[in-house]
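# Coordinate analysis (summary)
If you want the building blocks of each chain, they are given just below.
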Amino acid sequence: MKYKLLAAALAGTMALGACTTDPYTGERKISNTAGGAALGAGLGALAGLAVGGSSVAQRNAVLIGAGVGALAGGTVGNYMDRQEAQLRDQLQGTGVSITRDGNYIILNMPSNITFDTDRSDVKPQFYSTLNSVAIVLNRYAKTLIDVYGHTDSTGDDNYNLNLSQRRALSVANYLNAQGVDQRRFSVVGLGETQPIASNATPEGRAQNRRVEIRLAPLT
C-alpha cells in the first residue's frame, strides 16, 4: 500500500527549536526529551516523510539538483567502508546488528529494543541509539536511507501492514528530527511479507518483528 508524499516540516521545526550541542562531538542534535516530545505529537509529527517509498532515481535527482554531489564510481567502496566502521563503533552493545552487502549497509533493529508491544512510538531508552545512528548519517550526506518496517504473521494482515508502516515512519522521523535530511529517505511498511525466520516459533517471530535501515551510496 502506498501513500502520497506528505509535504511538511513539523518534525524539522521541532528539531530546530530543541537542538543542543554535543559536548564531545560539537555536533548539533535534538535532546532525548525533545525527541520524545516530537514523536509524541502524534500524526502531525509523522507527516514529514513519505510512506510507500520514493525511488532511488527520484532521490538522486532531488539531492544532486540541490547541490549534494554524487559519488564517483571509484570512491564508493571506500566511502561505504568508512561509514560502516563508524556505525559499528557507535552501535556496539546496542542490540542493533550491522550487515554489509556489497555497497549497501543494513541496520537491523529488533522490535523488542525499539518498541513496546503493539506500539509504534520509539522507546525512550532507544533514543540514544538512534542519536548515534543520526550522528553517522549526518557525517555521510551522500547516503540514501531506506527504512523498512516488518512484523511477524500473528494477527490481521492489514493491521500488521499498518503497524509496520507506523514503526518505520517513527524511526525515520526521529532521525529526521536529529537533522538527517528528509529528502534522503524512503519509508516502507512490509508487514509480514518478508520474514527472516520461521513464524512457527516465538524465537522466529521475535526475529521477524524488526525495523531495517538500508543505506545506499548516492551515485
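The following paragraphs examine the structure supplied in this document. (Residues numbered from 1 in each chain as written. Predicted model: local features only at pLDDT ≥ 70, side-chain atom pairs only at ≥ 80, totals over all residues. Heavy atoms only, no water.)

Positive phi, normally seen in glycine, also occurs at aspartate 118, with a value near 65 degrees. Relative to the helices and strands, aspartate 118 resides in the loop between α5 (111-114) and α6 (127-139). (Helix = DSSP H or I, 4+ residues; strand = E, 2+ residues; numbered from the N terminus.)

Taken in spatial order, the five strands line up as β3-β4-β7-β5-β6 in an open sheet, and their pairing is mixed. The strands lining the two open edges of the sheet, one partner per strand, are β3 (97-101) and β6 (185-189). Ignoring strand direction, the axes of neighbouring strands in this sheet form an average angle of 20 degrees. Bridging between β3 and strand β4 (residues 104-110) involves five bridges; their strand directions are antiparallel. Opposite isoleucine 98, over in β4, you have leucine 107 as the bridge partner. Contacting β3, β4, β5 (143-150) and β7 (210-217), helix α4 (residues 76-90) runs over the sheet at an angle of about 170 degrees to β3. (Pairing = 2+ DSSP bridges. Axes fitted to C-alpha atoms, helices over the stretch in contact; angles between N-to-C directions. Contact = heavy atoms within 4.5 Å.)

Right, let's talk about the side chain of asparagine 108 for a bit. Positionally, asparagine 108 belongs in strand β4. The exposure class of asparagine 108 is buried, given its relative accessible area of 17%. Dropping the residues within four chain positions of it, asparagine 108 is found in contact with Gly95, Val96, Ser97, Ile196, Arg210, Val211 and Glu212. (Buried < 20%, exposed > 50% of the residue type's maximum accessible area, 1.4 Å probe, protein only.)

Quick look at the packing of aromatic side chains now. Enumeration over the complete set of coordinates arrives at two aromatic pairs. Where tyrosine 127 meets tyrosine 174, the ring centres are 5.1 Å apart and the plane angle is 20 degrees; that geometry is what we call stacked. With tyrosine 127 in helix α6 and tyrosine 174 in helix α7 (residues 157-177), the pair connects residues that are 47 residues apart, well separated along the chain. Accessibility expressed as a relative area gives 7% for tyrosine 127, which makes it buried. Judged by its relative accessible area of 1%, tyrosine 174 falls in the buried class. One Lys or Arg, arginine 214, reaches over the ring of tyrosine 104 and ends 4.1 Å from the middle of that ring. (Phe/Tyr/Trp six-rings, centres within 6.5 Å; stacked < 30°, edge-to-face > 60°. Lys NZ or Arg CZ within 6 Å of the ring centre and 35° of its normal.)

One finds Leu107, Val147, Val171, Leu175 and Ile213 to be the most contacted residues of the largest nonpolar core, which totals 35 residues. Secondary structure elements with two or more residues in this core: α4, β4, α6, β5, α7, β6 and β7. Here leucine 175 is in contact with Leu130, Val133, Ala134, Leu137, Val180, Phe185 and Ile213, once residues within four sequence places are set aside. (Core = buried A, V, L, I, M, F, W, Y, C linked by side-chain atoms within 4.5 Å.)

The geometry of α4 relative to α6 is characterised by a closest axis approach of 9 Å and an angle of 160 degrees between their N-to-C directions. Taken together, the axes of α4 and α6 lie roughly antiparallel to each other. Between α4 and α6 the crossing geometry is right-handed. Residues Gln83, Gln86, Leu87 and Gln90 of α4 touch α6, and the partners they reach there are Ser132, Ile135, Val136, Leu137 and Arg139. Its residues assigned to classes, the contact of α4 with α6 comprises four nonpolar, four polar and one charged. (Parallel < 35°, antiparallel > 145°, perpendicular 65-115°, else oblique. Left-handed = near helix turned anticlockwise from the far one by under 90°. Nonpolar A, V, L, I, M, F, W, Y, C, P; charged D, E, K, R; others polar.)

Below, the discussion takes up the environment of aspartate 156. In this structure, aspartate 156 sits in the loop between β5 and α7. Expressed as a C-alpha distance, the spacing of aspartate 156 and glycine 191, which sit 35 residues apart in the sequence, is 9.9 Å. Only 3.0 Å separates the side chain of aspartate 156 from the backbone nitrogen of asparagine 158, close enough to count as a polar contact. A polar contact of 2.9 Å, which involves the side chain of aspartate 156, links it to the backbone nitrogen of tyrosine 159. (Polar contact = N/O pair within 3.5 Å; in protein donor to acceptor, adjacent residues only side chain to side chain.)

As a further point, take the pattern of salt bridges. Scanning the model with the defined rule gives nine salt bridges in all. Between arginine 59 and aspartate 146 there is a salt bridge whose closest N-O contact spans 2.8 Å. With a gap of 87 residues between them, arginine 59 in helix α3 (residues 56-65) and aspartate 146 in strand β5 connect regions that are remote in the sequence. Residues arginine 59 and aspartate 146 agree in their burial class; the two are buried. Among the salt bridges present, the one from arginine 183 reaches aspartate 181, with a minimum N-O distance of 2.7 Å. Given the relative accessible area of 24%, aspartate 181 is considered partly exposed. (Salt bridge = Lys/Arg side-chain N within 4 Å of Asp/Glu carboxyl O.)

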